[in-house]
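Chain residues, written in single-letter form:
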Amino acid sequence: MRNKNLFGVFYYAVIMLLAISVAFAVKPLKKISFAEEIRKSLNEQYSFDYEKSFENETPVAKISANEIEKSCKSYCLIDAKSGEAVLTNNEAKRLPIASMCKIMTLILCFENLEAGKFSVNDSVTVSERASGMGGSQVFLEAHKNYSVKDLIKSIVVASANDSCVAMAEKISGSVERFVTEMNNKAKELKMTDTNFVNPTGLPQEGQYSSAADACKMFKKLISFKEYFDYSKIWMDRIEHTEERYTEISNTNKLLKTYPSCDSGKTGYTSEAGHCITASAERDGTRFIACVIGATDGKTRFKIASKLLDYGFNNFEYNEVITPYEELSVAKVKNSKNKTVKMVLAVVVLGVCCGVKTVQIMICATEDDHAGIDDTAVFHKFFVFIEY
């Protein structure tokens, strides 16, 4: 009886050992992580050059930089997808930007909407502080309720200072706390030449930004699809009571004068001059132009139009890399073929004109696997386009 028990224990022990051996032996042969081996193979250099030249047939339209520079303090044109600067002058210079500060106010409005903290149909009770704001306004009545939708609309379309304060108080409880959130968001967006003091852009010591930062800010704003529900409104009204309303019209005149412009924020004070940040899209290519300190209102729109023209006439999106196009080969000792082809899993697009060189920096991670044909598919990478 004792021998049978010993045999039974031995039998089950053997079965368990076999099960453990199988568990460790059976590994997914077709999906092995080669990240560390690739790093070693590249001698701890996580990048390699992948050169690919291409030409686009779009004729290059000249732009008179001197003429523009005489008419404003700074400007910046960027590709809206990558954020890459295309044409600039004094783009990092710290300057007052007037009501373009409201771009950040709107970013926080749409972020809170997206987070579900309130809806566009929620009511906001207007404080006396908000009602008493000067400058551009829609004459909100103190202690009256207005919808979030109407307040945001009046900021986007009419640059309403009173609505900015009302929304700041709605979101943060006070203007001061809201300004802190504005500056925190600026740091998050890497706006290194910006400091906010109020949510309206009214002149106040210590408030400044730059053309480059305004473009970064606007790039973030247009990432909210709901923003475009308001940005293309030309004329509307804000209802106060059954008998009183305020008519509003869009301050961004490019909506009427520049084809494909669908968004923008203007600004003006005697200190800042005439400013605008605007965006337009054609055939999937979008640019953002910022002008600070233009000599007059018409000039700011003219310069912004020229900058956008320059972008559309000189650059277009090209398919730089197609999915699973072989970029390079790395030697990997654990691979059955001893080498692994390196490819990207997605299409890489670049705004390009003329003959360009593309540099890819691969960042191998433990999530990158080799497939049946020992192909390492990368999902994390950086792309540099040499101009």
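As the structure is a computational prediction, the values presented were derived from the model and not from experiment.

### Remarks on the environment of Ala85
Tracing the backbone shows Ala85 in strand β2 (residues 85-89). Sequence separation of Ala85 and Ile288 is 203 residues, and the distance between their C-alpha atoms is 9.5 Å. In this view, Ala85 contacts Leu77 and Ile78; residues no more than four positions away in its chain are not counted.

### Structural notes on the packing of aromatic side chains
Enumeration over the complete set of coordinates arrives at six aromatic pairs. Consider the rings of Tyr227 and Phe228, whose centres lie 5.4 Å apart with planes at 65 degrees: the pair is edge-to-face. This pair shows no difference in class: Tyr227 is buried, exactly as Phe228 is. Pairing Phe287 with Phe312 gives two aromatic rings, centres 5.2 Å apart and planes at 85 degrees, and the pair type is edge-to-face. Of this pair, Phe287 sits in strand β9 (residues 285-294) while Phe312 sits in helix α12 (residues 297-314), placing them 25 residues apart in sequence.

### Some words on α12
For α12, built from 18 residues, the straight-helix expectation of 26 Å at 1.5 Å per residue is met to within 8% by its first-to-last C-alpha distance of 26 Å. Counting buried residues in α12 gives 13 out of 18 residues, a clear majority hidden from the surface. Between the side-chain oxygen at the start of α12 and the backbone nitrogen of Lys298 there is a gap of 3.1 Å, and the oxygen is on Asp296.

### Observations concerning the pairing of strand β6 (residues 245-249)
Of the two faces of β6, the one holding Thr246 and Ile248 is buried and the one holding Tyr245, Glu247 and Ser249 is not buried anywhere. Counted between consecutive antiparallel strands, the loop separating strand β5 (residues 235-239) from β6 contains five residues.

### A few points about the sheet that holds strand β1 (residues 74-79)
The strand order across the open sheet formed by five strands is β2-β1-β9-β8-β7, and the pairing between neighbours is antiparallel. Where the open sheet ends on each side, the last strands, each with one partner, are β2 and β7 (261-269). Direction aside, the axes of adjacent strands within the sheet are offset by 5 degrees on average. Taken together, the eight bridges between β7 and strand β8 (residues 273-282) define a ladder with antiparallel strand orientation. Bridge assignment links Gly267 to a residue of β8, and that residue is Cys275.

### Structural notes on the side chain of Asp213
Along the chain, Asp213 falls in helix α9 (residues 211-221). At 3.4 Å, the side chain of Asp213 and the backbone nitrogen of Thr192 are in polar contact. Non-local contacts of Asp213, meaning those with residues more than four positions away in its chain, are made with Lys190, Met191, Thr192, Asp193 and Thr194.

### Focus on the pattern of salt bridges
Scanning the model with the defined rule gives 11 salt bridges in all. Of the charged contacts in the structure, one is a salt bridge between Asp150 and Lys153, with a shortest N-O distance of 3.5 Å. Taken together, the positions of Asp150 and Lys153, both in helix α6 (residues 148-158) and three residues apart, correspond to about one turn of that helix. Assessed through its relative accessible area of 9%, Lys153 is described here as buried. One connected set of salt bridges, linked through shared partners, spans Glu111, Lys185 and Glu188.

### Description of the packing of α6 against helix α7 (residues 161-172)
Where α6 meets α7, the closest approach of the two axes is 8 Å, and the angle between their N-to-C directions is 135 degrees. When the axis of α6 is compared with that of α7, the two are oblique. The chirality of how α6 crosses α7 is left-handed. For the pair α6 and α7, contact is made by Val148, Leu151, Ser154 and Ile155 and by Ser163, Cys164, Ala166 and Met167, respectively.

Rules behind the numbers
Residues numbered from 1 in each chain as written. Predicted model: local features only at pLDDT ≥ 70, side-chain atom pairs only at ≥ 80, totals over all residues. Heavy atoms only, no water. Helix = DSSP H or I, 4+ residues; strand = E, 2+ residues; numbered from the N terminus. Contact = heavy atoms within 4.5 Å. Phe/Tyr/Trp six-rings, centres within 6.5 Å; stacked < 30°, edge-to-face > 60°. Buried < 20%, exposed > 50% of the residue type's maximum accessible area, 1.4 Å probe, protein only. Expected span 1.5 Å × (residues − 1). Polar contact = N/O pair within 3.5 Å; in protein donor to acceptor, adjacent residues only side chain to side chain. Pairing = 2+ DSSP bridges. Axes fitted to C-alpha atoms, helices over the stretch in contact; angles between N-to-C directions. Salt bridge = Lys/Arg side-chain N within 4 Å of Asp/Glu carboxyl O. Parallel < 35°, antiparallel > 145°, perpendicular 65-115°, else oblique. Left-handed = near helix turned anticlockwise from the far one by under 90°.

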